[in-house]
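Coordinates in review
In case you want the letters, here they are:
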Amino acid sequence: MANHTVAETIHVPYLEEKGILSWILSTDHKRIGIMYLVSISTFFVLAGIAALLVRLELLSPGKTIVDAHTYNVLFTFHGSAMVFLFIVPGIAASFGNFLIPLMIGARDVAFPRLNLLSYWLYLLGTVIILFSLLKPADTGWTFYTPYSIQTGTDVILLTFGVFILGFSSILTGLNFIVTVHKLRAPGMTWHRLPLFIWSSYATAILQLLATPVLGITLLLLIAERVFGIGFFDPAKGGDPILFQNFFWFYSHPAVYIMIIPAMGVISEVIPVFARKPIFGYKAIAYSSLAIALISFLVWAHHMFVSGMSEVAATVFSFLTFLVAIPTAIKVFNWLATLYKGSIELRTPMLYALSFIFLFTIGGLTGVFLGTLAADVHLHDTYFVVAHMHYVMIGGTVMGFFAALHFWYPKMFGKMYNEAVAKVAWFLVFVGFNVTFFPQFILGMEGMPRRYADYPPQFHTLHEISTIGSWILGLGILIMALNLLRSLTNGEKAPDNPFNSLSLEWQIPSPPPHENFEKIPHVTDWTYGYGKKNNQEG
Amino acid sequence: MEEIGIDVHAHHHVDPVVEYKASKLGMWLFLATELLLFGGLFAAYAIFRAKYPEMFHEEHKELDRTIGAINTVVLICSSLTMALGVASIQRGKKKLLSLFLLLTILFGIVFGINKYFEYGHKFEHHIYPSTSIFFALYFMMTGLHMLHVLAGVLVLTALLILSLKGKFSENYYTPIELGGLYWHLVDLIWIYLFPLLYLIS
Ligand SMILES: [Cu+2]
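In short, a report on the structure.

How each quantity is defined
Residues numbered from 1 in each chain as written. Chains lettered and ligands numbered in written order. Predicted model: local features only at pLDDT ≥ 70, side-chain atom pairs only at ≥ 80, totals over all residues. Heavy atoms only, no water. Helix = DSSP H or I, 4+ residues; strand = E, 2+ residues; numbered from the N terminus. Buried < 20%, exposed > 50% of the residue type's maximum accessible area, 1.4 Å probe, protein only. Contact = heavy atoms within 4.5 Å. Areas by Shrake-Rupley, 256 points an atom, 1.4 Å probe, with all protein chains shown as cover. Lys, Arg positive; Asp, Glu negative; His and termini not counted. Charge placed at Lys NZ, Arg CZ, Asp CG, Glu CD. Buried area = accessible area lost by both parts, 1.4 Å probe. Salt bridge = Lys/Arg side-chain N within 4 Å of Asp/Glu carboxyl O. Nonpolar A, V, L, I, M, F, W, Y, C, P; charged D, E, K, R; others polar. Donors = N, O, S within 2.8 Å, 3.2 Å for Na, K, Ca; no water. Core = buried A, V, L, I, M, F, W, Y, C linked by side-chain atoms within 4.5 Å. Phe/Tyr/Trp six-rings, centres within 6.5 Å; stacked < 30°, edge-to-face > 60°.

**Quick look at the overall build of chain B**
Secondary structure assignment for chain B yields 6 helices and 0 strands. When the helices and strands of chain B are listed from N to C terminus, the series reads α-α-α-α-α-α. In terms of overall dimensions, chain B has a C-alpha envelope of 60 × 30 × 25 Å along the principal axes. Burial analysis of chain B (201 residues in total) assigns 50% to the buried set. For chain B, the share of sequence-separated contacts (at least 6 apart) that also reach a separation of at least 24 residues comes to 81%. When the accessible surface of chain B is summed, it comes to about 9600 Å², and 69% of that surface belongs to carbon and sulfur atoms. Taking the 14 positively charged and 16 negatively charged side chains of chain B as two groups, their mean positions are separated by 4 Å.

**Concerning the interface of chain A and chain B**
With 35 residues of chain A at the interface, the matching set in chain B holds 29 residues. When the buried area of chain A at its contact with chain B is split by residue, K182, I216 and F231 of chain A rank highest and sum to 20% of it. Here chain A and chain B share 0 salt bridges between them. Among the residues making up the side of chain A that touches chain B, the classes are represented as 23 nonpolar, 7 polar and 5 charged.

**Remarks on the coordination of the copper ion**
Around a metal, the idealised angle for a tetrahedral arrangement of four donor atoms is 109.5 degrees; for an octahedral arrangement of six donor atoms it is 90 or 180 degrees. Residue and element names in this part refer to chain A. Protein coordination at the copper ion comes from H252 (ND1), H301 (NE2) and H302 (NE2), with a distance range of 1.7 to 2.0 Å. One chain supplies every donor for the copper ion, spaced along it as H-x48-H-H. Here H252 is found in helix α9 (residues 240-274), whereas its partner H301 is found in the loop between α10 (281-294) and α11 (310-338), with 49 residues between them in sequence. Just as H252 is buried, H301 falls in that class too.

**A look at the pattern of salt bridges**
Residues and elements named next belong to chain A. In this structure the tally under the stated criterion is 8 salt bridges over all chains. A salt bridge links R346 to E344, with the shortest nitrogen-to-oxygen separation between them at 3.4 Å. Taking the shortest distance from any N to any O, the salt bridge between R449 and D380 comes out at 3.3 Å. Separated by 69 residues along the polypeptide, R449 in the loop between α15 (418-444) and α16 (459-489) and D380 in the loop between α13 (372-378) and α14 (382-412) bring together distant segments of the chain. In this structure R449 comes out as buried when scored by relative accessible area, which is 17%. Residues joined in a network through salt bridges with shared partners are E344, R346, E418 and K422.

**Observations regarding the side chain of S288 of chain A**
Residue and element names in this part refer to chain A. Relative to the helices and strands, S288 resides in helix α10. Looking at S288, the relative accessible area reads 2%, which means it is buried. With sequence-adjacent residues up to four places away left out, S288 is seen in contact with W198, S199, A202, I260 and K330.

**Notes on the nonpolar core**
Ranked by internal contacts, the top residues of the largest apolar core, which has 238 residues, are F95, F231, F355 and F401 of chain A together with I176 of chain B. Among the elements that line this core, the one with the most residues is α9 of chain A, at 21 residues. Leave out the neighbours within four places in its chain, and F355 of chain A touches I259, A262, M263, I266, W334, T360, G394, G395, T396, M398 and G399 of chain A. Counting 5 residues, the second largest nonpolar core, distinct from the first, contains L121, I128, F163 and L171 of chain A.

**Things to note about unusual backbone geometry**
All names here are of chain A. Here the amide bond leading from T145 into P146 is cis, since omega sits at 0°, within 30 degrees of zero. Mapped onto the fold, P146 is located in the loop between α5 (112-132) and α6 (147-150). A positive phi angle is found at N515, which is not glycine, with a value near 70°. Examined against the element boundaries, N515 turns out to sit in the segment after β2 (491-492).

**Digging into the side chain of S199 of chain A**
Residue and element names in this part refer to chain A. As for its placement among the helices and strands, S199 is situated in helix α8 (residues 195-226). On the basis of relative accessibility, which here comes to 1%, the residue S199 falls in the buried class. Not counting residues within four places of it along the chain, the set of residues in contact with S199 comprises I260, P261, G264 and S288.

**As for the packing of aromatic side chains**
On inspection of all chains with the given rule, the structure shows 69 aromatic pairs over all chains. Taking the centre distance of 6.0 Å and the plane angle of 90° together, the rings of W141 of chain A and W248 of chain A count as edge-to-face. Remark: W248 of chain A occurs in helix α9 and W141 of chain A occurs in the loop between α5 and α6; sequence separation between them is 107 residues. W248 of chain A shares its class with W141 of chain A; the two are buried. Arranged with centres 6.3 Å apart and planes meeting at 70°, the rings of Y138 of chain B and Y198 of chain B form a pair that is edge-to-face.

**What about the environment of F368 of chain A?**
Residue and element names in this part refer to chain A. Of note, F368 is situated in helix α12 (residues 347-370). Overall, F368 belongs to the partly exposed group, its relative accessible area being 43%. Separated by 13 residues in sequence, F368 and T381 place their C-alpha atoms 13 Å apart. If we ignore the near neighbours within four places in the chain, the residues touching F368 are A374, D375 and F383.

Dropping the structure here:
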């Protein structure tokens, strides 16, 4: 391993240099991480506003604020921006970039320039997608054929943008895999790696293996529209179900690209605030890989009602249950870590506990949907919408907020206002449940997803859901204002405010450009809480 | 460790040996994603060929086996010159490297020219991607492959310029090796495409 002497200039904090060029030309993984964080947060807000408008339209039956086409456009933008611009790059690109080299004791990722290229590709993809809004698509984020071939809206630009984003995702995953393999500090063995690294590694494998299939699928969809090839068009001998097979072959693993990094965050936050070593380290580490592998075998559970043989449906239903096992292993190990811990309810911990609670609901309702008989009834209803949001907001977004409040002091060298952050957490938690719990009932009563209108008997539940969305929105607004204000007005953060044992907390906040003055020699794992050191928590 | 390409002069944030190994691992991972990208098309090919065996049998006769065979030979030759290029620089023969890179690029261009005439011929006979599922597969598979040949030629040209500037030596040739790996993959994919499309029986 290298131990280069470094030039004097790189001991300064990484945030020191000012000016836009010093950012967009920077190959520093920490700056790239922050740029992703800012970008994905921006699209989280924009796509969130679209969601608020969707909910507002559904406040009462009949037309409330927009017509049906605009409604379709709104939920398409909400879905595709949330999925492709926020949650897929998400925690992996933002916190992954910032943290991976710090956690394994490296100075940067394996290919810093490639890393910057990934970010530029991300930007290029977003610009293309924003241009598509001149004639915004109305297909939903799944681009199902044959409608996506027939609609007059700009499906080509939107899917091309997503194709470019896929490149960014692949290159980021590639970079992370090589980084974890080749740049670990001396003594940082695989079984000493922080669990966030294990989860980032599993995510990167998924990005690498699944994204090319999405890429070719979208290329074929574009060729279908531009050249008139007929792979997905029954009139030309093609098969629209083939599109669904291709699409979900990517998009089911993509669900785990979205959730596994959040699981990694939870595995980091829980032991720190329970002051206990993580329980079942290896089980958690390897279950990430298990989830990644099984996730390639279950895609057809999205298509039980699209037409497939009963044998195929039964097999896919059974395989889907299998994914629940490694997922449950994680949950039980987190609970065992909490058991008899001296739990400190700081904001990151509140979000982490919310994750465990809400994600469990999301995961279990997923088992209902994976069950063949139940799915035939619940398919394409609000039950699916509620399930998906319990996993994506209850899971990933809670993990994202936990990460944001946990590593904020390290990233920006400032502390946020803890009391305000807790108020925001309370509103987010309550607002989320008020918004989405009624949707489980709506779904069971038969309310289909993606409809701009509904019969009067669904009015009350829709009304409650919309009011919930306002509470949720208010909570996120307060959270954002708190974090933004603290950038300038916050107290200076200590190097290790939460007494974590992980490497990134053993260096200054914010870290110097070169991360470590000397590459550390690692002698133990990072979860030795409550034993000899750091008893004060 | 003594035999691998190390740039002792460039400034790295990691040890050059580690960087060399990292680059190769990265390239192999990238090649895997490329295979998966084509994998989608191979899957579509398998599905539709099982569904429409007669269409595949009848329509493949429209493809020009001679040009296809010539292009196969051209690409195999280019892989050979590429491998010779890598072998040359490993032995420190800088001029030979430039020569072999140039030959590889020329083979790539010949492949492209052949494809240009082949496509043109198809259009003259009013055969387009929209003509049938088979021709859709033909144009998508060979078209995507052609884009990869084009990208490869551009990369090799950049490497040739660097080589002429004397950037590579027996101590540092990582980019040449990586470019070579990529070029071999492009070649390999064609080796599969040619029988699948041109030689159905
Ligand atoms: Cu799924």
